[in-house]
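Observations on the model geometry
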Amino acid sequence: MSDQPSEGTVWPESGLADEDFSPSWVDDDRPRIPRVAAEREALAAYLEYYRATVQMKCRGLTPQQARARSMPPSTMSLHGLVRHLAGVERWWFQQNFERRDVPFLFFTADDPDLDFDPPADADFEADLQAWHAECEVSREIVAAHRLDDTARPLDWHEDVDLRWLVLRMIAEYAQHCGHIDLLREGIDGRTGA
C-alpha cells in the first residue's frame, strides 16, 4: 500500500493535489524509512536511505557525465562526491571509531583533494565499487557495537558514542545528497526527491 493517493487525486485532509508536491524520482527503489521504529532501526534506516539516494542519483550516468562539474562555479562532480563519501565512511567508522590501521582513500599529503578532484584516469565504476565496499565495512562495524559504545576520534580530546557517529554520517549524507540533486539536474535535467 502506498502513502500516495492515485494520480490526479486531491488529498482529503490537506486539500493538496499531486502537482503541489515535489516530483518523485521515476525509478526510485530506495528502502522505505519506517514511520515507527526503535532507535537503532531508525538510525540505520535513515543512513541506508541516504546511501541508496547516492546510488540512485548516480545510476545511468556515463563516466563523462559523472565527472561533469555541472553547477559552476562549483568544482563538485558526482564522481568526486562518491570518492569523498567512500573516504568519509572509512575515516569515521574504521580509522576513528575502531582505530583500524588502514590507509586513507583518495588523499595524499601531496594531493589532499583527490576525493573531490579525481585524476583523469580515475574510474567511476571502480570508485562506486570502492564506496560500496566502504559502506559494507561500516555496516559491519555498526552491527558489532552498541549505540552507547564510545571511541575517541583521532586528534580529538573527547569521546563520541556510536549514536553520535551514525547521526554525524546521516548529516554528511543529507548535505551531499542536496549537492547530488543539483549536480544531476545540471547533467541531464532529471529531478525528483
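Remember, predicted model here, so these are calculated numbers, not experimental data.

Scanning the protein from N- to C-terminus turns up five helices and two strands. The C-alpha extent of the protein, read off along each of the three principal axes, is 55 × 45 × 25 Å. Here the protein holds 193 residues, and 37% of them are scored as buried. The long-range fraction of contacts in the protein, counting pairs at least 24 apart against all pairs at least 6 apart in sequence, stands at 70%. Carbon and sulfur atoms provide 54% of the accessible area of the protein, an area that totals close to 11,000 Å².

In this chain, Pro72 is followed by Pro73 through a cis amide linkage whose omega measures 10°. Position of Pro73 relative to the elements: it lies in the loop between α2 (63-67) and α3 (78-97). Despite not being glycine, Phe106 shows a phi value in the positive range, around 55°. Turning to its location among the elements, Phe106 is positioned in the loop between α3 and α4 (124-143).

Overall, the coordinates contain 20 salt bridges when judged by the stated rule. Residues Arg59 and Asp27 are paired through a salt bridge, measuring 3.4 Å at the closest nitrogen-oxygen approach. Of the two residues, Arg59 is situated in the loop between α1 (39-58) and α2 and Asp27 in the segment before α1; the sequence distance between them amounts to 32 residues. On the accessibility criterion, Asp27 (34% relative accessible area) is partly exposed.

This paragraph deals with α1. Between its first and last C-alpha atoms α1 spans 29 Å; for 20 residues at 1.5 Å apiece the expected length is 28 Å, and the two agree. Of the surrounding elements, those touching the buried residues of α1 are α3, α4 and α5 (162-188). Downstream of α1 by one or two residues, Gly60 has phi in the positive range, about 80°.

Within this structure, the stated rule accounts for zero disulfides. Cysteine Cys177 shares no disulfide, and the gap to the nearest cysteine sulfur, in Cys58, comes to 9.3 Å.

Quick look at the side chain of Gln95 now. The residue Gln95 is located in helix α3 in this model. On the basis of relative accessibility, which here comes to 7%, the residue Gln95 falls in the buried class. Setting aside anything within four residues of it in sequence, one finds Gln95 in contact with Arg90, Arg100, Val102, Pro103, Phe104 and Leu154.

Another aspect to go through is the packing of α3 against α5. Packed helix pairs are characterised by how far apart their axes lie and by the angle those axes make with each other. Where α3 meets α5, the axes come as close as 10 Å, and the angle between the chain directions of the two elements is 175°. With respect to α5, the element α3 is oriented roughly antiparallel.

Let us look at the side chain of Arg51. Tracing the backbone through its elements, the reader meets Arg51 in helix α1. Here Arg51 is in contact with Glu89, Phe93, Trp131, Cys135, Ser138, Arg139 and Tyr173, once residues within four sequence places are set aside.

Thresholds applied
- Residues numbered from 1 in each chain as written.
- Predicted model: local features only at pLDDT ≥ 70, side-chain atom pairs only at ≥ 80, totals over all residues.
- Heavy atoms only, no water.
- Helix = DSSP H or I, 4+ residues; strand = E, 2+ residues; numbered from the N terminus.
- Buried < 20%, exposed > 50% of the residue type's maximum accessible area, 1.4 Å probe, protein only.
- Contact = heavy atoms within 4.5 Å.
- Areas by Shrake-Rupley, 256 points an atom, 1.4 Å probe, with all protein chains shown as cover.
- Salt bridge = Lys/Arg side-chain N within 4 Å of Asp/Glu carboxyl O.
- Expected span 1.5 Å × (residues − 1).
- Disulfide = S-S within 2.5 Å.
- Axes fitted to C-alpha atoms, helices over the stretch in contact; angles between N-to-C directions.
- Parallel < 35°, antiparallel > 145°, perpendicular 65-115°, else oblique.

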